[in-house]
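Coordinate analysis (summary)
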Amino acid sequence: MLRSAVTVLTWLVAMGVSSAHAITVVPTGLNPGDQYRLAFLTSMTRDAFSLNIADYNAFVTGVANSVAELAALGTTWTAIGSTVTVDARDNTGTNPSSVGVPIYLLNDTKLADNNADLWDGTIDTPLIVEETGTTHPFELIEVWSGSLREGVRHPSNYLGRVEGSRFGFATIDDFRWISASVGSNYANRPMYAMSDVITAAAVPMPGAVWLFGSALGLMGVMQRKIRA
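Described in the following lines is the structure provided in the data block. (Residues numbered from 1 in each chain as written. Predicted model: local features only at pLDDT ≥ 70, side-chain atom pairs only at ≥ 80, totals over all residues. Heavy atoms only, no water.)

Broken down by element type, the protein chain carries six helices and nine strands. Considering only intrachain contacts with a sequence separation of at least 6, the fraction spanning at least 24 residues in the protein chain is 65%. Carbon together with sulfur atoms contributes 60% to the accessible area of the protein chain, which is approximately 11700 Å² in total. (Helix = DSSP H or I, 4+ residues; strand = E, 2+ residues; numbered from the N terminus. Contact = heavy atoms within 4.5 Å. Areas by Shrake-Rupley, 256 points an atom, 1.4 Å probe, with all protein chains shown as cover.)

Glancing now at the pattern of salt bridges. Scanning the model with the defined rule gives five salt bridges in all. With a closest N to O distance of 2.7 Å, Arg161 and Glu163 form a salt bridge. (Salt bridge = Lys/Arg side-chain N within 4 Å of Asp/Glu carboxyl O.)

With that out of the way, let us pick up the sheet that holds strand S6 (residues 165-169). The antiparallel open sheet is built from three strands, whose spatial order is S5-S6-S7. Each end of this open sheet is capped by a strand with a single partner; those strands are strand S5 (142-144) and strand S7 (181-183). Across this sheet, the average inter-strand angle for adjacent strands is 50°, counted without regard to direction. Of the pairings in the sheet, the one linking S5 to S6 comprises three bridges and is antiparallel in character. Residue pairing across strands places Val143 opposite Gly168, the latter belonging to S6. (Pairing = 2+ DSSP bridges. Axes fitted to C-alpha atoms, helices over the stretch in contact; angles between N-to-C directions.)

Attention now moves to helix H2 (residues 53-65). Between its first and last C-alpha atoms H2 spans 18 Å; for 13 residues at 1.5 Å apiece the expected length is 18 Å, and the two agree. Looking only at H2, the buried set comprises Ile53, Tyr56, Asn57, Phe59, Val60, Val63 and Ala64. End-on, the buried residues of H2 take up no more than an arc of 155°, which puts them together on one face. Those residues of H2 that are buried are in contact with strand S1 (35-41), helix H3 (68-71), strand S2 (77-79), helix H4 (88-91) and strand S8 (192-195). One side-chain oxygen of the residue at the start of H2 lies 3.0 Å from the amide nitrogen of Ala54, identifying that residue as Asn52. (Expected span 1.5 Å × (residues − 1). Buried < 20%, exposed > 50% of the residue type's maximum accessible area, 1.4 Å probe, protein only. Arc of directions from axis to C-beta. Polar contact = N/O pair within 3.5 Å; in protein donor to acceptor, adjacent residues only side chain to side chain.)

In short, the description is geometric, and any link to function would need to be established separately.
Written as structure tokens, this is what we have:
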């Protein structure tokens, strides 16, 4: 029976079944005061008919706020997408004209070192982690972007363009993550979401440690009173 279970599990992994894990909202190794951003692939999908970037921002914000840990961050979420009037790198505040901060996925891996690194034609790791922590390492997922590799709008296939909109592939880490091909706006595809800059807060003292410290302090006070 055990051997059969292992065989089935091996087969599922080989077939590219998605896996879900708890998400990480404060990357490992950061100190209080360090700044960073988070990015994820939406589990929900939508069409690409709108020419208004606010519609796409509202979409990814709704997806982010459906997860308590992400909503608790109190950050602004924007779509990594371009319309006729707004470039993805400006919509997300990642224009290479400013250095920016490191960007992480929700599985504690780094997507890019800074703004320039995000738009240099490659990313550190495929953007395959959804807001719930689910990953899709083996699926060629098409993601709406309307963008060129540099994070600016595609001249003829930005989001909402009647002739069709540009999409990227979530499982690829070269320029095709953001700009791979063109698809009909009728199709429902996910989007990439990015947070605003987040500042790492001090790690709160665990309850047990706090109680132990309080007990020691109380004992000290009592001993001083006894001696007095």
